[in-house]
Structure formats: structure tokens, C-alpha cells
Amino acid sequence: MDARAFDLMFAEVSNTGRWGVADQRGTLNHLAADAVSTAAGLVSLGRTVSLSHVLDTVAGPDNSRPALHHMTRQCDGASGEPQVNTDFIGIDFHGKSVTHIDALCHCSFRGYLYNGVPSRDTVNSAGSSFGSVEQMAEGVVGRGILVDLPRARGVEWLEPGTAIEREELLSTMTAQEITSARGDIVLVRTGHRRRRTALGPWDAGALSAGLHPSS
């Protein structure tokens, strides 16, 4: 994809002005009360599925800024009752070793954030005054759908560097009987964590499986 093709695609998918010039939520606007109510009504089993993994405090090729963790108080070193154990955790919320959400202030293009807001006027060393994760303070709730690419290909995981094209994504959804609607929260599984557990870490920032930009 050359620069001209990218610019055309960027203009086609841009949401600038879609919800007004002052909007800071972007496509989270699709998760209105009716969408949340509909999603809640789909729950039938009440079974939870964890997507967590152990806090990664060890430096590695995919974890150049490992999480910090230490105990700040332990019961065996104090007097009186009751006793408490407390700890400290420090995390850089970016990179491939920690689950996170990129807020709309995270990425700028040619100096501008979402909705044409200048990055240099809104983001500084103290944080951001526009499009921060505070826009999600009331939660992100909607209908979730899982598109399992390794299952569709009959493999344990997609190898790093594998591009997922739009056609494959749609054909996988058809094969797995997945229907989508505006406001759905889509999880595209590549098997990244399973590969890491089986084969060990690699520089995932340089090479990961994922959606091709044209998708």
C-alpha cells in the first residue's frame, strides 16, 4: 500500500465530525443504552471466561518495560490484630505484555488526534485533556463476538507476520455462524498467547499476526 492508497483509505474510514466536533468517544457512541440492554439480555449461562494472565515482571523481547511489584506491608512484621498484607504494582500500559485499551489520545496522524484535534495542544507530560480513557469511566458493555482464526485454519495459532485479510475474516465469520451488527465488540483471536506459552517470547512489537490495514 503506497501513501496515496493509504490517504484514500484514511479518508474513507475517518469518523471526524461524525458525532459532532466536540465528541471524545468515537465509535463508543454505538454502545448506547439500547445496545447495552440488548447485550445483557443475551446472557443465559452466567459462565465467566477469564482472559487474564500472570502479571509479567520479567524483562524479555516482548516486555522491555516489565511490571513492578513489591510488598509494602506484611502481616509477619507487625504487632496487634488484625494484620494486613499490602502491595504496590507499577505498569507501563503499552506494549504486547499487558492488556490495555488505546484511548483516542494515543495516536496522532500528521499532528492530529481523532476529530481533528491538535495533539500538541491537548497532550503533555501531565496527560491528555482530550479523548483519554476517562471517556470509558462508566464501562464498556455490549454484545461480544469471537472470530477464531486459528480454529478456522485448523492450527493452534497464527504465526507472527500472518496478515488477516478482509475476505478471510468474513468467510470465517460465515463458517462459524457469526452475525455482526453495529455496536458489537469484536475479538479476533490469533493465538498469540498460546504460541508464547508453548514456544517462548519474541519481539512481538516488530512482528505479530493481525488484521491487514486494508481490512
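Scroll up for the structure.
A brief report on the enclosed structure follows. (Residues numbered from 1 in each chain as written. Predicted model: local features only at pLDDT ≥ 70, side-chain atom pairs only at ≥ 80, totals over all residues. Heavy atoms only, no water.)

A contiguous nonpolar patch, built from Val54, Leu55, Ile89, Ile91 and Phe93 and spanning about 460 Å² of accessible area, is present on the exposed surface. With respect to the helices and strands, the residue Ile89 is situated in strand β2 (residues 86-90). Residue classification places Ile89 among the partly exposed positions, given a relative accessible area of 45%. (Patch = residues over 30% accessible without salt bridge, like charges linked within 9 Å, V, L, I, M, F, W, Y side chains within 5 Å. Areas by Shrake-Rupley, 256 points an atom, 1.4 Å probe, with all protein chains shown as cover. Salt bridge = Lys/Arg side-chain N within 4 Å of Asp/Glu carboxyl O. Helix = DSSP H or I, 4+ residues; strand = E, 2+ residues; numbered from the N terminus. Buried < 20%, exposed > 50% of the residue type's maximum accessible area, 1.4 Å probe, protein only.)

Glancing now at the packing of aromatic side chains. Summed over all chains, the structure comprises three aromatic pairs. Ring geometry for Phe10 against Phe109: centres 4.6 Å apart, planes inclined by 40 degrees, an arrangement best described as tilted. Here Phe10 is found in helix α1 (residues 3-13), whereas its partner Phe109 is found in the loop between β2 and α3 (119-122), with 99 residues between them in sequence. Classification of Phe10 by relative accessible area gives partly exposed; the value is 36%. Members of the aromatic cluster, connected to one another through ring pairs, are Phe6, Phe10 and Phe109. Of note, Arg195 hangs over the ring of Trp202, and the distance from its end group to the ring centre comes to 4.7 Å. (Phe/Tyr/Trp six-rings, centres within 6.5 Å; stacked < 30°, edge-to-face > 60°. Lys NZ or Arg CZ within 6 Å of the ring centre and 35° of its normal.)

On to unusual backbone geometry. Residues Glu81 and Pro82 are joined by a peptide bond in cis, for which omega reads 0 degrees. Along the chain, the position of Pro82 falls in the loop between β1 (68-73) and β2. A positive phi angle is found at Asn115, which is not glycine, with a value near 70 degrees. Take Asn115: it is sitting in the loop between β2 and α3.

By size, the foremost hydrophobic cluster in this structure holds nine residues: Ile145, Val147, Leu149, Leu158, Ile164, Leu169, Met173, Ile178 and Ala209. Excluding anything up to four places from it in sequence, Leu169 contacts Val147, Leu149, Ile164, Val188 and Leu211. (Core = buried A, V, L, I, M, F, W, Y, C linked by side-chain atoms within 4.5 Å. Contact = heavy atoms within 4.5 Å.)

Inspection of the secondary structure puts Asp56 in the loop between α2 (33-40) and β1. Residue classification places Asp56 among the buried residues on the basis of a relative accessible area of 12%. Once residues lying within four places of it in the same chain are set aside, the contact partners of Asp56 are Asn63, Pro66, Ala67, Ser97 and Arg196.

Our focus in this paragraph is helix α5 (residues 166-175). Those residues of α5 that sit buried are Glu168, Leu169, Thr172 and Met173. Each buried residue of α5 sits inside an arc of 135 degrees when the element is viewed along its axis, so together they form one side. Exposed side of α5, more than 90 degrees from the buried face: Glu167, Thr174 and Ala175 are the residues found there. Here the buried face of α5 lies against β5 (144-148), α4 (149-153), β6 (163-164), β7 (185-189) and β8 (210-211). Among the residues trailing α5, Glu177 stands out with phi positive, at a value near 55 degrees. (Arc of directions from axis to C-beta.)

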